[in-house]
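Report on the structure
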Amino acid sequence: MTQTLTTEHTTGRPSGRTLAMLALALGGFGIGTTEFVAMGLLPEMAAGLGVSEPVAGHVISAYALGVVVGAPAIAALTARVPRKTLLVALMVAFTVGNVASVLAPTYGSLMVARFVAGLPHGAYFGIAALVAAHLAEPGRRAKAVATVMLGLSVANVVGVPVATWLGQHLGWRTAFALVAAIGTVTVLSLAAWMPRLDAMPTSSPITELGALTRVQVWMTLIMGMVGFGGMFAVYTYISTTLTDVAGLQKSLIPVALMLYGLGMVVGNVLGGHLADRALLRSLAAAMTFLAVLLAVFAVAARTPVVALGLVFLIGLAGASMVPALQTRLMDVAEDAQNLAAALNHAALNVANAFGAWIGGVVIAAGFGYSAPAAVGSLLAIAGLGVLGVAVLLERRSSVRV
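Since the model is a prediction, treat every value here as computed from it, not as a measurement.

Now for the packing of helix H13 (residues 279-300) against helix H14 (residues 304-332). Two elements in contact, H13 and H14, have axes separated by 9 Å at closest approach and are oriented at 155°. Here H13 is positioned roughly antiparallel relative to H14, judged by the angle of their axes. Of the two possible hands of crossing, H13 and H14 adopt the one that is left-handed. Of the residues belonging to the contact of H13 with H14, the class tally is 23 nonpolar, 4 polar and 2 charged.

Encoded structure:
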């Protein structure tokens, strides 16, 4: 297999590898844009569909549900499908879901369309991460995975603001039309630039489901759900926190969100580099950094300048965990890597929902908009605890062997 990999690398040439990675990242850019743009367009969607804003917010939950359902199901059921074919098919399905979102005549049909659009999300990122690691030069797997995730980070800096602006000025459907166009370009790019990937082994549904029997797979997933839950507890309510607690002008909220996105870009690149050097140490460092930042945010984000700086750093710390988590799953999944890699993104969407819920609970209990950051810090510490247990179990297992 090693010899085949080398042949595939040299025949692709560095420029060919770069184009293939760009195609993978472009898909991540489209997915990131569609995932987060609905949050900024809820008033427009609610008005256009004739429902309240809280009810319109259920379309976000529908997309997340599609991710959670689609990630394991698609990864297991398509285990025998050639990787390039699967990547193209997933982006076709993603594009169809967004076209359906543009054309949805009613609230109910939009819910279905968003669920469909979410189905390929986790499977795409999982397979794309495996392909990136396969194409990577020796010793640069995590960096290659980070390149794929870079599309998701850049979406928060460029894709979401542009799509939101279009949706506000030309109607919310134009935002999803933009995403559908990105999906179409991604399909064409994957077809043209991605090598055949004949050297990548396929699997079987039974083999892939074997990932669910491995303790270290579950420990890594729980680590992501708990640790990332803290970040999402803050991010979900960041707009109101910045205006009510830090005193930031409402007109500057887009700047704050852009800083958060820039932090994610930097953290993603840095996380990939550090994970290649020392995976578990980099993961522990990132989670510790996140816990400290969230604790500081809870007590020190009283002025706009400090709050904006912390928002950037929180985005950086959170994003730096992703390449390490994804690579860790690939390491512990053994021969069930497709399902394990896809489950990472289902876990992160669970973290999104869980973090938003627990943040809302402490706010509703009267603790104020600084409280989600305090709770988030505790969740990041809990994630560190899960990591510690995972390492301890792994060491005990190696001693027994």
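Structure's up, so let's keep going.
Attention now goes to the environment of alanine 46. Turning to its location among the elements, alanine 46 is positioned in helix H2 (residues 42-49). Separated by 10 residues in sequence, alanine 46 and alanine 56 place their C-alpha atoms 5.3 Å apart.

Next up on the list: the side chain of asparagine 344. By the element assignment, asparagine 344 lies in helix H15 (residues 337-367). The buried category is assigned to asparagine 344, whose relative accessible area is 1%. If we ignore the near neighbours within four places in the chain, the residues touching asparagine 344 are Leu221, Leu325, Gln326 and Leu329.

So, about the pattern of salt bridges. For the coordinates displayed, the defined rule picks out 1 salt bridge. Between arginine 328 and glutamate 394 there is a salt bridge, and its shortest N-O distance comes to 3.2 Å. Pair noted here: arginine 328 is in helix H14 and glutamate 394 is in helix H16 (residues 371-400), with a separation of 66 residues, a long-range link. Of the residues examined, glutamate 394 reaches a relative accessible area of 30% and is grouped as partly exposed.

Taken together, the side chains of Val68, Val350, Phe354, Trp357 and Val361 define a hydrophobic patch exposed on the protein surface, amounting to about 410 Å² of accessible area. Looking at which element gives the most residues to the nonpolar patch, the answer is H15, with 4 residues. Mapped onto the secondary structure, valine 361 falls in helix H15. Residue classification places valine 361 among the partly exposed positions, given a relative accessible area of 37%.

Analysis parameters
Residues numbered from 1 in each chain as written. Predicted model: local features only at pLDDT ≥ 70, side-chain atom pairs only at ≥ 80, totals over all residues. Heavy atoms only, no water. Axes fitted to C-alpha atoms, helices over the stretch in contact; angles between N-to-C directions. Helix = DSSP H or I, 4+ residues; strand = E, 2+ residues; numbered from the N terminus. Parallel < 35°, antiparallel > 145°, perpendicular 65-115°, else oblique. Left-handed = near helix turned anticlockwise from the far one by under 90°. Nonpolar A, V, L, I, M, F, W, Y, C, P; charged D, E, K, R; others polar. Buried < 20%, exposed > 50% of the residue type's maximum accessible area, 1.4 Å probe, protein only. Contact = heavy atoms within 4.5 Å. Salt bridge = Lys/Arg side-chain N within 4 Å of Asp/Glu carboxyl O. Patch = residues over 30% accessible without salt bridge, like charges linked within 9 Å, V, L, I, M, F, W, Y side chains within 5 Å. Areas by Shrake-Rupley, 256 points an atom, 1.4 Å probe, with all protein chains shown as cover.

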